Amino acid sequence: MPANLNNRKNIFVLIDEAHRTTGGDLGNFLMAGLPNASFIGFTGTPVDKTAYGKGTFKIFGLGDDKGYLHKYSIAESIEDGTTLPLYYNLAPNEMRVPHDIMEKEFLSLAEAEGIADIEELNKILDRAINLKNFLKGNERVKKVAQYVADHYRENVEPLGYKAFLVGVDREACALYKEALDAILPPEYSEIVYTGNNNDSARLKKWHLEPTREKQIRKSFTKLGDWPKILIVTEKLLTGFDAPILYAMYLDKPMRDHTLLQAIARVNRPYENEAQEMVKPHGFVLDFIGIFDKLEKALAFDSDEINAIVKDLGLLKQLFKSKMESKAPVYLKLVGQKFDDKDVDNLIEHFRDPDRRKEFFKEYKEIEMLHEIISPDAFLRPYIDPYATLSSIYAVVRNAYAKKVYVDRAFQKKTNELVQKHIGAEQLVNVAEFVKIDENTIELIKKQKGGDGTKVINLVKSIEKAAEDGANDPFLVALAERAMAVQTAFEDRQTSTAEALGELIKEVERNEKRKKEQAEKGLDAIGYFVLCKLTDDGIKNPDAASRKVAEAFTKYPNWQRSEAELRELRNQVTFALMRVEDDVENVTATVETLFTLLRKSFKP
């Protein structure tokens, strides 16, 4: 390489992890070797040490202490859904590090500012003798472990999420594992740290083989798998991506980049549609007291700090605001007894789908806030109105859900509260199924409640009969017509009385069909085929329908086997061709017949 090549001005150097890559000898040699090059740094956590003549802004900022070429803020990532907000709460004061020790041995140290790597942090903490002695005191470890265990079981586990417990060093991790195992089953928690050959017996006890560590990491990311709590101090605090991680129990002093990178473990979005889980935010429970000095602990501008973490108390105020401004509108819809009349009023009030959508949105926001805050004495004044609001939601959801069976109506804590304060019997009024037979109409007329409740009950009863109907295509068609009646009812195209009348007529027609089917000695498939052939003008439909029914009996796995389906279609086509000369009519009938039957047969 020519010697003067290093002086060229058209050299561009792109540097990742720029907050640390250029801070040592590598940066000095690189910039000395390319004095006229343009250096572009990429980092999520710039080191702000401009006052000391160094740091990311000094190296890359062209003299501007906030010389970003482009900045994608945490607030923007939260708005985009790339990350979640972070909320924190302080542990009880007696467990937190005394302010004088924290200031003297950590916060006031100049070398602790702008720490970019956890290895640098550990070197500083190694000299903090009084701080470590306090954190690892026997009685304190027991208290913190008990607090963590209680908080996890009451606040985090019911939500379905997992947690980190961050100890000040590896010995602290071992102490916490021993303390937690005395409270929780051992499988609840695991330690992950790097072992050394000269470790003490206590530390060696928790050394992990690489395959075991890999298994623990993988299991931790999965819903329902053990462990629920990972105890860490250095490993996994950067780079480990576990969206199901919701809570961090922070018992290690951190600041600036190490703090930001650590707490960012809990702000990854997580959704599980099957379990109706949508992670609302990340949560940090601070046993150190670092969040009490947040602006000093994070060397970022105040706007950025407020976007990163917020006090959990804000969620309490939000819950209070919603219960006082949004909930009363819905609570007025029911009386104190929450009786059948109230159910009828709710069904009538929420016929409008848009009105239901707005209520469901408001309720789910309130419910999630309750799940996060509970259990907390703050909630006591709101328990009864919240339980009533939840019962209103259950009635409306059960009434208008598009599925016969309603899965997981509530989150765990709310479900227990509703069962305790309201009772299950008041939530089943709109799911009181009746058998669809010759007695249905009389049973519906005798049922408690108004016509609106009866419309909903009858539609759901028909849907359930179709699900349980052993592949009866008539019941499937009946269910589709019933849903059409409910849609017209919800859209106010028909009155409540008209909707109930139409449903009763549909049940009467179905009973008439069943009698005619029995008189002809046919099963549901055979009679369905007969009706279809008759409607399509196929000649000699009685004989043809029996041949078609025999073919269906011969190929019972046609829904699951492509080979059987082909053979069955051929058999049905040949049976119809024996009695019908119009090929186009036969082809159309066969196609429609299989389309309809596919809807009714359960795979």
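Attention in this report is confined to the structure presented alongside it. Computed from a predicted model, the values in this text were never measured in an experiment.

1. Quick notes on the environment of alanine 549
Thought 1: Mapped onto the elements of the fold, alanine 549 is located in helix α26 (residues 541–554).
Thought 2: As for alanine 549 and glycine 526, which are separated by 23 residues in sequence, their C-alpha atoms are 5.1 Å apart.

2. Comments concerning helix α23 (residues 473–490)
Thought 1: The terminal C-alpha atoms of α23 lie 26 Å apart, and with 18 residues this matches the ideal 26 Å at 1.5 Å per residue to within 8%.
Thought 2: Within α23, 13 of the 18 residues are buried, leaving the element largely enclosed by the surrounding structure.

3. Some points on the nonpolar core
Thought 1: Counting residues in hydrophobic clusters, the biggest one holds 85 residues, and the most contacted among them are Tyr249, Phe319 and Phe359.
Thought 2: A per-element tally of this core places helix α19 (residues 383–400) first, with nine residues.
Thought 3: Residues Phe164, Val166, Met248 and Ala262 belong to the second largest nonpolar core, which totals 40 residues.

4. Overview of the packing of helix α17 (residues 340–349) against α19
Thought 1: Across the interface, α17 lies against α19 with an axial gap of 10 Å and an inter-helix angle of 60°. In terms of their interaxial angle, α17 and α19 are classed as oblique. The hand of the α17/α19 crossing is right-handed. Contacts from Val343, Leu346 and Ile347 in α17 reach Ile392, Val395, Val396, Ala399 and Tyr400 in α19.

5. Description of the packing of aromatic side chains
Thought 1: The tally for this structure, following the rule as stated, stands at 22 aromatic pairs.
Thought 2: Their ring planes at 65° and their centres at 6.5 Å tell us that phenylalanine 319 and phenylalanine 378 sit as a pair that is edge-to-face. You can see phenylalanine 319 sitting in helix α15 (residues 313–325) and its partner phenylalanine 378 sitting in the loop between α18 (353–373) and α19, a full 59 residues away along the chain.
Thought 3: A relative accessible area of 1% means that phenylalanine 319 is categorised as buried.
Thought 4: Against the face of tyrosine 188 rests lysine 228, its NZ or CZ located 5.5 Å from the ring centre.
Thought 5: Over the ring of tryptophan 226 we find lysine 228; its NZ or CZ atom is 4.6 Å from the centre of that ring.

Calculation criteria
Residues numbered from 1 in each chain as written. Predicted model: local features only at pLDDT ≥ 70, side-chain atom pairs only at ≥ 80, totals over all residues. Heavy atoms only, no water. Helix = DSSP H or I, 4+ residues; strand = E, 2+ residues; numbered from the N terminus. Expected span 1.5 Å × (residues − 1). Buried < 20%, exposed > 50% of the residue type's maximum accessible area, 1.4 Å probe, protein only. Core = buried A, V, L, I, M, F, W, Y, C linked by side-chain atoms within 4.5 Å. Axes fitted to C-alpha atoms, helices over the stretch in contact; angles between N-to-C directions. Parallel < 35°, antiparallel > 145°, perpendicular 65-115°, else oblique. Left-handed = near helix turned anticlockwise from the far one by under 90°. Contact = heavy atoms within 4.5 Å. Phe/Tyr/Trp six-rings, centres within 6.5 Å; stacked < 30°, edge-to-face > 60°. Lys NZ or Arg CZ within 6 Å of the ring centre and 35° of its normal.

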